Structures are given as C-alpha cells and as structure tokens.
Amino acid sequence: MLFADDIVLVDEHREGVNCKLELWRQTLEMKGFKLSRTKNEYMHCRFSNSSNQSDGISLDGVGIGASRKFRYLGSIVQHEGDIEEDIQHRIKAWWVKWKNATRVICDGKMPIKLKGKFYRTVIRPAMLYVPPWLMKVTQKINEETGLFPSPINHVLINEYLPNQGIMPHQDGPAYFPVVAILSLGSPVVMDFTPHSRLRACTSTLTEDAKEERFSYGNIENEKDKSSDNNNHHPFSVLLMPRSLLIFEDSAYSDYLHGIKDSVMHCFDGVVNEVEVLNQKEPDPELSRDLKSIQRTTNRISLTCRLVLKVHKNLFKF
Ligand SMILES: O=C(O)CCC(=O)C(=O)O
Ligand SMILES: [Fe+2]
C-alpha cells in the first residue's frame with residue numbers, strides 16, 4: 001500500500017483551494033489512490049488580521065473539518081501566524097533527549113572514562129549547538145534591539161509550574177549586561193528591587209516593608225528594605241505570553257529581579273499596566289477587575305544572554 005502525507009495546498013482564496021483539491025482528487029483517483037475525507041483538514045490563516053471568514057472547503061461536495069493549527073515537516077503552523085506552540089513543542093522534545101543523555105552521565109555504574117567520552121562526543125556538542133529555530137529567535141532579538149555587541153550565545157530555558165517563581169537575584173558578571181527574556185505560557189509579574197548596597201538606611205524598616213521581605217518564603221526578599229534616597233525604587237513588570245522583556249544598565253547592575261512562588265500574582269501598579277488594560281483579547285488567566293493573575297498553566301521562559309568568555313575546558317573528566 002502506498003501512502004502520501006504532509007501535503008499542503010495553499011491559495012489566497014477559498015475557491016482556489018477547492019479547485020486545487022478537486023484536481024488532486026481526480027488525478028489521484030485516476031491512479032487508484034483515494035483522498036481520506038476524515039484525515040484532511042483546512043486552515044484559514046488570518047496573518048493580516050483581516051476579518052473576512054472562510055466559508056469552508058469541501059472534498060467531492062462534502063465539507064471537511066477546520067483546524068487552527070497543523071504540523072508540517074516538523075513545524076507547527078498556527079492560523080494566526082504565532083510560533084508559540086512550535087517553540088513549546090520543540091523545547092519539550094529537546095528536554096526528553098537531554099534527560100536521556102544526562103541519565104548516562106549520572107549512572108553510578110558507568111566507568112568515569114566512558115562518561116568523559118560520552119560527555120565530549122554527545123553532551124558538549126549538544127550544549128554548544130544552537131538549533132536553527134532558536135537561532136532565528138536570537139538573531140531577531142539581536143537585529144531588532146542592536147543591544148548586543150555580538151551574537152547571543154546563551155539561552156536558558158526555564159519551565160515554571162503555576163506556583164513556582166525565581167528568587168530575587170542578579171545575573172552577575174559572566175554575562176554582557178543586557179538580558180532579553182521571551183515569555184511563553186502563563187503570564188507572571190517580575191519584581192525588580194534595588195540591590196542592598198544602594199539602600200542608605202536599613203534601620204528604618206517599616207512594618208509593611210518587613211512583611212514584604214518575607215513574602216518569598218524563606219528566601220530573603222530585599223524589596224523595600226528601605227525607601228532609598230538615590231532614585232532606586234522597587235518596580236514590577238507584567239510578563240505576558242509572547243512578550244519580550246529586555247533590561248540593561250542600572251536595571252541589570254543595581255537591581256535584583258525575581259518572581260513570587262505563588263499561583264496568584266497581582267499586577268496593580270506594574271509599569272506596563274496600561275498596555276495590559278488595552279489588550280483586545282485578555283488572557284484567560286488574567287482578571288482586569290481584580291488586577292490579578294490566577295496562574296493555572298506552566299510558564300516557559302527563554303532567557304537570552306551573551307556569555308563574555310567561554311571556557312573551552314570548563315568540564316574536564
Ligand atoms: O524566567 C525568567 O523569566 C527569569 C529567569 C532569570 O532571571 C534567570 O535565569 O536569570
Ligand atoms: Fe535572572
């Protein structure tokens with residue numbers, strides 16, 4: 001039995017697709033093939049956000065089902081032109097491969113020499129390899145921002161459960177001081193708090209501020225330790241899905257950034273609040289009235305940075 005898959009018929013108009021489909025059907029049937037009515041689907045793309053709707057596509061007079069996305073040659077194409085699902089899918093596939101590879105390295109029974117060989121031939125090339133889809137993302141960030149002096153060479157991919165965040169921290173001197181964070185999945189609020197060396201008096205803690213310090217659990221949150229007298233005030237940013245946050249200069253060197261370990265995030269007073277309230281299609285996890293987010297799905301972030309110096313023999317077995 002012969003089987004053909006992954007065929008896409010494209011046209012600007014519904015009539016065009018219907019004609020092409022009919023031609024395909026007739027040609028295939030002449031050669032003894034059959035087009036499956038259940039497996040074929042059509043997708044109407046709205047890349048230009050135009051509102052005209054398709055009336056549907058039919059095969060031999062019978063309508064076929066509509067789809068909002070499809071997989072073609074390994075890529076997921078979405079009807080509104082987004083690439084979010086594609087990226088999430090590729091990250092998941094990569095994680096599975098990575099976990100399998102690290103299982104070998106962590107295997108106590110494996111001789112150290114063999115581990116070294118496995119590291120050099122499998123792990124290290126995988127770590128230094130930037131897949132083309134990710135390269136496209138980092139190149140676009142480089143080109144659009146013009147903030148990195150050379151190509152981004154480090155992307156950290158984090159996945160957060162709905163109650164997970166990241167403790168307040170600084171990214172440190174190993175990186176060029178510009179960070180670009182691409183967010184996918186659940187929206188969250190990222191808090192920026194001035195570094196303690198920039199706060200004048202720590203003895204004037206207010207009760208509110210003391211409470212804030214412990215709101216991250218047992219990690220000391222330095223937020224509001226004192227209201228500093230040098231223009232370094234805490235602030236927060238709402239990170240919506242598919243948004244790109246870039247910070248540099250004093251936001252990099254003078255502030256800690258963190259995300260609360262909580263399923264509920266309040267976005268009242270975030271620096272980009274207006275942008276959120278103006279959104280045409282609000283995120284289902286976000287309540288405009290309560291100015292809060294109820295995190296129900298995972299969040300994936302791609303933190304893109306430039307490592308200034310890569311040590312060749314960082315790990316040696
Ligand atoms: O996941 C994020 O949005 C932040 C990650 C981060 O700050 C880091 O990895 O240094
Ligand atoms: Fe960070």
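Everything numeric here is computed off the predicted structure, so don't read it as measured data.

Asks: I would appreciate a short explanation of the sheet that holds strand E8 (residues 166-169) in the present structure.
Replies: By way of backbone hydrogen bonds, the strands of a sheet pair with one another, either parallel or antiparallel. As summarised here, the arrangement of the four strands in space is E8-E13-E10-E11, forming an open sheet in which the pairing is antiparallel. Edge positions in the open sheet fall to E8 and strand E11 (235-239), since each of these has one partner strand only. Pairs of neighbouring strands in the sheet enclose a mean axial angle of 20°, with direction left out of account.

Asks: Honestly, the nonpolar core in this entry has me stumped. Any pointers?
Replies: Burial of nonpolar side chains together is a common tendency in soluble globular proteins. Membership of the largest hydrophobic core comes to 16 residues, with the highest contact counts inside it found for Ile87, Ile91, Trp133, Ile141, Phe148 and Leu302. For this core, the secondary-structure elements that each account for two or more residues are helix H2 (84-106), helix H4 (132-145), strand E9 (178-185) and strand E17 (299-305). In this structure, Leu302 is in contact with Ile87, Ile91, Trp133, Leu134, Val155, Leu156, Ile157, Ala180, Ile181, Leu182 and Leu184, ignoring residues within four places of it in sequence. Residues Tyr175, Met190, Phe192 and Phe247 belong to the second largest nonpolar core, which totals 15 residues.

Asks: Would you mind going over the environment of Asp268 with me for this structure?
Replies: Looking at the secondary structure, you find Asp268 in the loop between strand E14 (264-266) and helix H7 (273-277). Discounting residues that sit within four places of it in the chain, Asp268 has contacts with Glu273 and Lys291.

Conventions used here
- Residues numbered from 1 in each chain as written.
- Chains lettered and ligands numbered in written order.
- Predicted model: local features only at pLDDT ≥ 70, side-chain atom pairs only at ≥ 80, totals over all residues.
- Heavy atoms only, no water.
- Pairing = 2+ DSSP bridges.
- Helix = DSSP H or I, 4+ residues; strand = E, 2+ residues; numbered from the N terminus.
- Axes fitted to C-alpha atoms, helices over the stretch in contact; angles between N-to-C directions.
- Core = buried A, V, L, I, M, F, W, Y, C linked by side-chain atoms within 4.5 Å.
- Buried < 20%, exposed > 50% of the residue type's maximum accessible area, 1.4 Å probe, protein only.
- Contact = heavy atoms within 4.5 Å.

All we've got here are geometric facts, nothing functional implied.
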